[in-house]
There are 2 protein chains.
Amino acid sequence: MADEAPFQLLHSEVIQYIYKSAEGETESGRNVTKLENIGFRVGQGLIERLTKDTARFKDELDIMKFICKDFWTCVFKKQIDNLRTNHQGIYVLQDNKFGLLSHLSVGKQYLEHAPKYLAFTCGLVRGALSNLGVKSIVTSEVSVMPSCKFQVMIQKA
Amino acid sequence: MADEAPFQLLHSEVIQYIYKSAEGETESGRNVTKLENIGFRVGQGLIERLTKDTARFKDELDIMKFICKDFWTCVFKKQIDNLRTNHQGIYVLQDNKFGLLSHLSVGKQYLEHAPKYLAFTCGLVRGALSNLGVKSIVTSEVSVMPSCKFQVMIQKA
């Protein structure tokens, strides 16, 4: 049960640490950026380890499937529940029970806190894709916790 | 294989982040304290989850055994290799292949970097014990990487 607990708890503490050490600063957007950057680097390292012995990917969709299955399972101990694409470089990854939100209360009044719990993971996906040669912009959206969506927009060269 | 990778990589990035954001500061001891504090809080949270359904501990030694087995396995996917005690409140936990050091090179010249990779874990143990009502001082020692020892000194009330 507690397999993902060390990671989840460390993730929470990193958020607390960053927000606390920036107290008094006006721009809270910088904290989100810091978390996103940490996620980016973890994503880069992780995809490197995970793909060490895998076959080459066929195409972009093949890469996205790997992110939704193997990569997600490694970090969150479950797969992405739903992957949609417009076949023009936009992918929406939906997780119906996102681990890094599951300890937050479900009430609507907590929705405003969601972004800081998703920034790391946006970076994580962007970092993983970046190491596979895919440049992207990753944003997140929560409507009902603990379900959330990550939107990946591939940046064509 | 990669079960502990997300945690390990996040741990590394936290170290980088803290050391980088303190660049220019003269006291590097403060970084170690910051890492130790983050570890303390993670340790508190983790032991709470892990002991939720366990029986009450018989004594101090019983608690230390739980730290060496269940707690260590949850975080590092292996047990402590050797536990020694003088039966007067000092415990030495030896890990012959400590996960958070295993990515560092073995050469002696890297030994000086070891403390920053151990500070979090010292806090982790201290936080776990603290939540079980045991006050302690935890220090670490590396002689040959990736093996290391954590010394726990119980503080009697």
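Residues numbered from 1 in each chain as written. Chains lettered and ligands numbered in written order. Predicted model: local features only at pLDDT ≥ 70, side-chain atom pairs only at ≥ 80, totals over all residues. Heavy atoms only, no water.

## With respect to the overall build of chain A
Working step 1: If you tally the helices and strands in chain A, you get 4 helices and 4 strands.
Working step 2: The N-to-C order of helical and strand elements in chain A reads α-α-α-β-β-α-β-β.
Working step 3: Buried positions account for 47% of the 157 residues belonging to chain A.
Working step 4: Put simply, of all contacts in chain A between residues at least 6 apart along the chain, 58% involve residues at least 24 apart.
Working step 5: Element-wise, carbon and sulfur atoms account for 48% of the exposed surface of chain A, whose accessible area totals about 8,100 Å².
Working step 6: Distance from the positive charge centre (20 side chains) to the negative charge centre (17 side chains) of chain A: 3 Å. (Helix = DSSP H or I, 4+ residues; strand = E, 2+ residues; numbered from the N terminus. Buried < 20%, exposed > 50% of the residue type's maximum accessible area, 1.4 Å probe, protein only. Contact = heavy atoms within 4.5 Å. Areas by Shrake-Rupley, 256 points an atom, 1.4 Å probe, with all protein chains shown as cover. Lys, Arg positive; Asp, Glu negative; His and termini not counted. Charge placed at Lys NZ, Arg CZ, Asp CG, Glu CD.)

## Overview of the sheet that holds strand β4 (residues 148-154) of chain A
All names here are of chain A.
Working step 1: The 4 strands lie next to each other as β1-β2-β4-β3, forming an open sheet whose pairing is antiparallel. One side of each edge strand has no neighbouring strand; the edge strands of this open sheet are β1 (82-85) and β3 (136-141). Sheet twist, expressed as the average angle between the axes of neighbouring strands with direction ignored, equals 20°.
Working step 2: Relative to β4, strand β2 (residues 90-95) runs antiparallel, the two being bridged by 6 bridges. Bridge pairing in β4 places L93 opposite F150.
Working step 3: Set on the sheet, helix α4 (residues 114-131) makes contact with β3 and β4; between it and β3 the angle comes to about 155°. (Pairing = 2+ DSSP bridges. Axes fitted to C-alpha atoms, helices over the stretch in contact; angles between N-to-C directions.)

## Regarding the nonpolar core
Working step 1: If you look at the biggest cluster of nonpolar residues, it comprises 98 residues, and the most contacted ones within it are L101(A) and L101(B).
Working step 2: Apart from the residues within four sequence positions on either side, L101(A) is in contact with A114(A), Y117(A), L118(A), V142(A), M145(A), P146(A), S147(A) and C148(A). (Core = buried A, V, L, I, M, F, W, Y, C linked by side-chain atoms within 4.5 Å.)

## Section: the interface of chain B and chain A
Working step 1: Every contact between the two is made by 27 residues of chain B and, on the other side, 27 residues of chain A.
Working step 2: Taken together, both faces of the contact between chain B and chain A bury some 2,600 Å²; the carbon and sulfur share is 71%.
Working step 3: Three residues, L10(B), Y17(B) and R49(B), lead the burial of chain B against chain A; their summed loss comes to 26% of the area buried on that side.
Working step 4: At the junction of chain B and chain A, the tally comes to 4 salt bridges. (Buried area = accessible area lost by both parts, 1.4 Å probe. Salt bridge = Lys/Arg side-chain N within 4 Å of Asp/Glu carboxyl O.)

## Some remarks on the packing of aromatic side chains
All names here are of chain A.
Working step 1: This structure, assessed with the given rule, holds 17 aromatic pairs over all chains.
Working step 2: Taken together, F7, W72, F76, F98, F120 and F150 form an aromatic cluster joined through their ring pairs.
Working step 3: Taking NZ or CZ as reference, K116 lies 4.6 Å from the ring centre of Y19, over its face. (Phe/Tyr/Trp six-rings, centres within 6.5 Å; stacked < 30°, edge-to-face > 60°. Lys NZ or Arg CZ within 6 Å of the ring centre and 35° of its normal.)

## Topic: the confidence of the model for chain A
Working step 1: Confidence in the prediction of chain A, expressed as mean pLDDT, is 91, and 97% of residues score 70 or more.
Working step 2: For this predicted complex, the interface confidence score (ipTM) comes to 0.92, while the overall pTM stands at 0.92. (pLDDT = per-residue confidence, 0-100.)

## Looking at the relation of the copies chain B and chain A
Working step 1: Rotating chain B by 180° and moving it 0.0 Å along the rotation axis overlays it on chain A with an RMSD of 0.0 Å. Such a combination of rotation and displacement between the chain copies is what one expects of a two-fold axis. By C-alpha distance to the rotation axis, the residue of chain B lying nearest is F7(B), at 2.5 Å.
Working step 2: The residues that chain B uses at the interface reappear at the interface of chain A in 100% of cases, marking a shared surface. (Least-squares fit on C-alpha atoms with pLDDT ≥ 70 in both.)

## Observations concerning helix α1 (residues 5-21) of chain B
Working step 1: Between its first and last C-alpha atoms α1(B) spans 24 Å; for 17 residues at 1.5 Å apiece the expected length is 24 Å, and the two agree.
Working step 2: In terms of burial, α1(B) is largely enclosed, as 13 of its 17 residues are buried. (Expected span 1.5 Å × (residues − 1).)

## Considering the sheet that holds strand β4 (residues 148-154) of chain B
Residues and elements named next belong to chain B.
Working step 1: Taken in spatial order, the 4 strands of this open sheet run β1-β2-β4-β3, and their pairing is antiparallel. Each edge of the open sheet is held by one strand with a lone partner, namely β1 (82-85) and β3 (136-141). Averaged over neighbouring strand pairs, the angle between their axes works out to 20° when direction is ignored.
Working step 2: Sheet strands touched by helix α3 (residues 60-76): β1, β2 (90-95) and β4. Its angle to β2, the strand with the most contacts, is close to 15°.

## Things to note about unusual backbone geometry
Residue and element names in this part refer to chain A.
Working step 1: In this structure, the amide linkage connecting M145 to the following residue, P146, adopts the cis form with an omega of 0°.
Working step 2: Counting through the fold element by element, P146 comes out in the loop between β3 and β4.
Working step 3: Positive phi, close to 60°, is recorded for H87, a residue that is not glycine.
Working step 4: When you line up the elements, H87 lands in the loop between β1 and β2.

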